[in-house]
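Fold and geometry: a report
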Amino acid sequence: MGMLGYPTHWGQLECLKLIVATSYIDKRIGYLALNLLLDEHTEVLMLATQTIKTDIMSSNEFIAGLALVTLGNIASEQICRDTAPELEMLLNVKERRTSPQLLKKAVLCALRVVQKVPDLGETFIPHLKRLLAEREHSVLLVTLPLIRELAKEDLDTIRQKLTKPMVTILRNLISGGFNPDNDIGSVSDPFLQVQLLKTLRVVGEGHQAASDTMNDVLMQILSNTDASRNVGHAVLYECVSTVLSVESEQDLKRMAINILGKFLSNRDNNVRYVGLTTLSRVVDIDVAAVQRHRGVIVERLRDSDLSIRKRALYLIYALVDESNARTLVRELLSFLALTDLTLRANLTAKLCIVAEKFAPSSRWYIDTVLRVMTIAGDFVPDSVRASMVATIIQDPELQSYVVLKTYQDLKESPSQQALVQVGVWSIGEWGDQLTTDGSVTPDQIVDLLEQLYKNPDTGLASREYIVNAYFKLTTRLPVSVLPRLKQNLELATHSQSTEIQQRGLEYNQYLASADPSFVKQKILVPMPAASGSVASFDGGSVPPSPSPSPAPVAPAVVAAPPPVNLLGDLLGSSTPAPTTVSPAPVTTAASDLLSLVSTPSPTPSNGPSSQTQNILNLFGTGPSAPVTTPPLVAPVATPVAPGNGIPSIVAFQNNEISISFSFAKPNPATPRFTLITASITNISASPISALVFLAAPPRHAKYVLDNISNPNINPQQTSTLMVKAANASFGEKSLLMKLRITYSINGANRLVEDVVRNFPPGV
């Protein structure tokens, strides 16, 4: 009834009456019911304490066995304290001879007592050496877990008194003759060997003297154990784990790793999986020894078992370095073309990280990532696409090669979205370089873009890239294809997507109202390298101002075009970077922020004061009075050291990154301005790549973000970023900062959002 869930409290007292009886039959039924109906939290169990204490010391071994079984199963903390003296008497084999069966049960009860009441552990330590001298293997099997439990409280005593006896038992076990009672598969008592190896691992970890004591016996096990059966594999696995955990000799560790390499060729899936898992844990100990088995590990990528393929992939990722990056990446690319969808996403992410981390050259990195995009473009993370674009921008010599390569790849694989986005972006930026040698005509470029736009596999984000490319190519390709490009932009205004409609209308307005030379020189200038960019208020990047040119004759355009939003262009955002048009003398926090970085104040304008009208004028739909825009913010020439008595704060922290802010006042006369130094530290054990730091201010403040010093952060390393802050309500409202941070770690993309509210006073 109790097992079926019905209440049994009415029968619990009857169980107590049965265990008090003198008859063995009554006691057996009573203890059995007690084990089934009660647990350690049942209050009625306290009434059985005295009976259990009495029965433990009974001269009838069967009755004592029933009491010990009950004590080991359901004893509470208080019952453990009350029965500890009786257990100690049973374990004192010198004064009282206890049968092995009863002694085994007593040791198991002692283990429960130590787990429930660790303070009583010192009561049983003096008896351990005599228990290890028992010839009965069953007693030894239960004594070793007790030793490991006691080692948690007093490891030094256990190590000093019991290391040599355990090594002696293990040596006698492997060198003794055949024993039909204990041997299994020609291995002498593998269960006892496994327990001894586990216990030696505990006492030898971090202790050179104890490790030296067991080196010889570990060498014998590795050399003499029969590995043709599962029992041998079990013993070898525990021995290898012990060798790699203790302070063993280097040759012994290398021998253990070689045995794990043999596991990889075993026919049993479980043995292969164990070998791969253990090698993954020890690759940091001796990577050279693991590298010798690289060929077998690569073969496991084609294993029929999915779990083995996953472990092999993780291990290969850990083995990649500068010396073997080309070889292993080639193998992984071959495997990527054949793998199923369950592994493709993980493999794609790891391939991109490895290609970026260990790339011998930019050309090799570009070729590798393009190959990944051609095979599995739908699984390539956005951060990898942005990183690749940044690499192309930094190396002008690659641009003509990349635009031709992506053009050819797009003709073969038009359905891979990552390839479409990177390829279309490259064609939009440097499409004119495709036509320099005459191998590609302008009409062929437009034909390809039209095919991609009409392709049903092309996603909405990719179509936005194509519309942007149409607009860019109006200034990069000959005039002969300009009508086709304008026609495609006109078709975009009829798209079902409101974003594409908006972009199409805006681009058509530019082309219809603005002077072509102005559009080419001011709006559609080629994307600058990231190192030459200037941080903007929205966290993106603004290119440096181009060289002065004659004023364009364009009365309809009344304001400079919005700055190029590098971040939005890289990630496919269709919203242009915000810009501020100020028709009146600037007296707000934003103007003071400009003076903070020594930028001349903008000239007041006599034009209309409505900002809405200015935005309409941008497209030639409003009044044409000239309006002057503030110049772009220039980077601070000399950083200001933190100080002014403002304490630093920890703005954000998780298990992988920690962000701290330090503060400085560049000009004490204007306390509303603060220079914030954001220090981003990688507190994990794995490298972080492609980190992007964005910050949004409250309405009463403005932020200007510089570029991060290094978006790729190794473990325990720090990157910095300068934030120029202006608080228009200084003294009334404190600063707030909404953080949005993205990065990649261990092949996984992270997105962190948080609000910093603990700014100190005076900021």
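In this text, all values refer to a predicted model and were calculated from it rather than measured experimentally.

1. A short note on the packing of aromatic side chains
Across all of its chains, the model carries six aromatic pairs by this definition. Between the aromatic rings of F471 and Y507, the centroid separation amounts to 4.2 Å while the plane-to-plane angle is 10°, which identifies the pairing as stacked. Of the two residues, F471 is situated in helix α26 (residues 460-473) and Y507 in helix α28 (residues 498-513); the sequence distance between them amounts to 36 residues. For the residue pair F471 and Y507, the accessibility class agrees, reading buried in each case. Taken together, a centroid distance of 6.1 Å and an interplanar angle of 35° make the contact between F471 and Y510 tilted. You can see F471 sitting in helix α26 and its partner Y510 sitting in helix α28, a full 39 residues away along the chain. Here F471 matches Y510 in class, with each residue buried. Here the aromatic cluster, defined as three or more aromatic residues joined through ring pairs, consists of F471, Y507 and Y510. Sitting above the plane of the Y401 ring, R363 keeps its charged end 3.6 Å from the centroid. The ring of Y453 has R463 sitting right over it, with the charged end atom 5.6 Å from the ring centre.

2. Things to note about the environment of Q250
Among the structural elements, Q250 can be located in helix α14 (residues 250-263). Sequence spacing of Q250 and D286 is 36 residues, and the spatial spacing of their C-alpha atoms is 9.0 Å. Side-chain polar atoms of Q250 contact the side chain of D286, separated by 3.3 Å.

3. Some thoughts on the side chain of D286
Position of D286 relative to the elements: it lies in the loop between α15 (269-282) and α16 (287-291). What D286 contacts, discounting residues up to four positions off in sequence, is Q250, R254 and I257.

4. Let's talk about the sheet that holds strand β5 (residues 673-682)
Reading across the sheet, the five strands line up as β3-β4-β5-β8-β7 and stay open at both edges, with antiparallel pairing between neighbours. With partners counted over all chains shown, the strands left at the sheet margins are β3 (649-653) and β7 (701-705), one partner each. On average, each strand axis in the sheet is inclined to that of its neighbour by 25°, with strand direction left out of account. In this sheet, β5 lies alongside strand β4 (residues 657-664) in antiparallel orientation, the contact comprising eight bridges. If you follow A664 over to β5, its bridge partner there is L675.

5. Notes on helix α3 (residues 49-56)
Of all eight residues making up α3, six are buried, and the element is well covered by its neighbours. Looking only at α3, the buried set comprises T49, T51, I52, K53, D55 and I56.

6. Quick word on the environment of S426
Mapped onto the elements, S426 comes out in helix α24 (residues 417-430). What makes S426 buried here is its relative accessible area of 0%. In the structure, S426 is positioned 37 residues away from V389 in sequence and 8.1 Å away in space, judged by C-alpha atoms. When residues no more than four places from it in sequence are discounted, the contact partners of S426 are I392, V402, V403, T406 and G431.

7. Focus: the environment of I257
Residue position: I257 is located in helix α14. Using a relative accessible area of 1% as the deciding quantity, one classes I257 as buried. A C-alpha to C-alpha distance of 9.6 Å links I257 and V243, two positions 14 residues apart in sequence. Apart from the residues within four sequence positions on either side, I257 is in contact with L244, L279, V282, D286, A289, V290 and H293.

8. Points about the sheet that holds strand β6 (residues 688-696)
The three strands lie next to each other as β6-β9-β10, forming an open sheet whose pairing is antiparallel. Looking at strand neighbours, the two that pair on one side only are β6 and β10 (748-756), the edges of this open sheet. Direction aside, neighbouring strands of the sheet carry axes that sit 15° apart on average. Where strand β9 (residues 737-745) and β10 come together, nine bridges link them in antiparallel fashion. Looking across to β10, one finds that L739 is bridged to D754.

9. Comments concerning the confidence of the model for the chain
Of all residues in the chain, 83% have pLDDT values of 70 or greater, and the mean over the chain is 80. For residues 531-643, every residue scores under 50 in pLDDT, and the model assigns this stretch 189 contacts once sequence neighbours within four places are set aside.

10. With respect to empty space enclosed by the protein
All told, the structure shown has two cavities of 30 Å³ or more when counted by the stated rule. Within this model, the largest cavity holds a volume of roughly 90 Å³. In this structure, the largest cavity is lined by 13 residues; those nearest its centre are I353, S383, V384, S689 and S744. In the lining of the largest cavity, the residues fall into six nonpolar, six polar and one charged.

11. Comments concerning unusual backbone geometry
Positive phi, normally seen in glycine, also occurs at D189, with a value near 35°. Note on placement: D189 falls in the loop between α10 (155-175) and α11 (190-204). Judged by relative accessible area, which is 5%, D189 ranks as buried. Although it is not a glycine, A690 adopts a positive phi angle of roughly 55°. Considering the arrangement of structural elements, one finds A690 in strand β6.

12. Observations regarding the packing of α15 against helix α18 (residues 306-319)
Closest axis-to-axis distance for the α15/α18 pair is 9 Å, and the angle between their directions is 20°. Taken as axis vectors, α15 and α18 run roughly parallel relative to one another. The hand of the α15/α18 crossing is left-handed. Between α15 and α18, the residues in contact are N269, R272, Y273, L276, T277, L279 and S280 and S307, I308, R311, A312, Y314 and L315, respectively. For the contact of α15 with α18, a count of residues per class yields seven nonpolar, four polar and two charged.

13. Describing the pattern of salt bridges
Taken as a whole and judged by the stated rule, the model has 26 salt bridges. For the salt bridge of E506 with R503, the shortest nitrogen-to-oxygen distance reads 3.0 Å. Placement of both E506 and R503 in helix α28 is noted, with a separation of three residues, approximately one turn of the helix. The two residues E506 and R503 agree in class, both being buried.

Rules and cut-offs
Residues numbered from 1 in each chain as written. Predicted model: local features only at pLDDT ≥ 70, side-chain atom pairs only at ≥ 80, totals over all residues. Heavy atoms only, no water. Phe/Tyr/Trp six-rings, centres within 6.5 Å; stacked < 30°, edge-to-face > 60°. Helix = DSSP H or I, 4+ residues; strand = E, 2+ residues; numbered from the N terminus. Buried < 20%, exposed > 50% of the residue type's maximum accessible area, 1.4 Å probe, protein only. Lys NZ or Arg CZ within 6 Å of the ring centre and 35° of its normal. Polar contact = N/O pair within 3.5 Å; in protein donor to acceptor, adjacent residues only side chain to side chain. Contact = heavy atoms within 4.5 Å. Pairing = 2+ DSSP bridges. Axes fitted to C-alpha atoms, helices over the stretch in contact; angles between N-to-C directions. pLDDT = per-residue confidence, 0-100. 1 Å grid on protein atoms, 1.4 Å probe; cavity = no way out; pocket = protein on both sides within 12 Å on 5 of 7 lines; lining within 4 Å. Points joined across faces, edges and corners; volume = space filled by probe spheres on them. Nonpolar A, V, L, I, M, F, W, Y, C, P; charged D, E, K, R; others polar. Parallel < 35°, antiparallel > 145°, perpendicular 65-115°, else oblique. Left-handed = near helix turned anticlockwise from the far one by under 90°. Salt bridge = Lys/Arg side-chain N within 4 Å of Asp/Glu carboxyl O.

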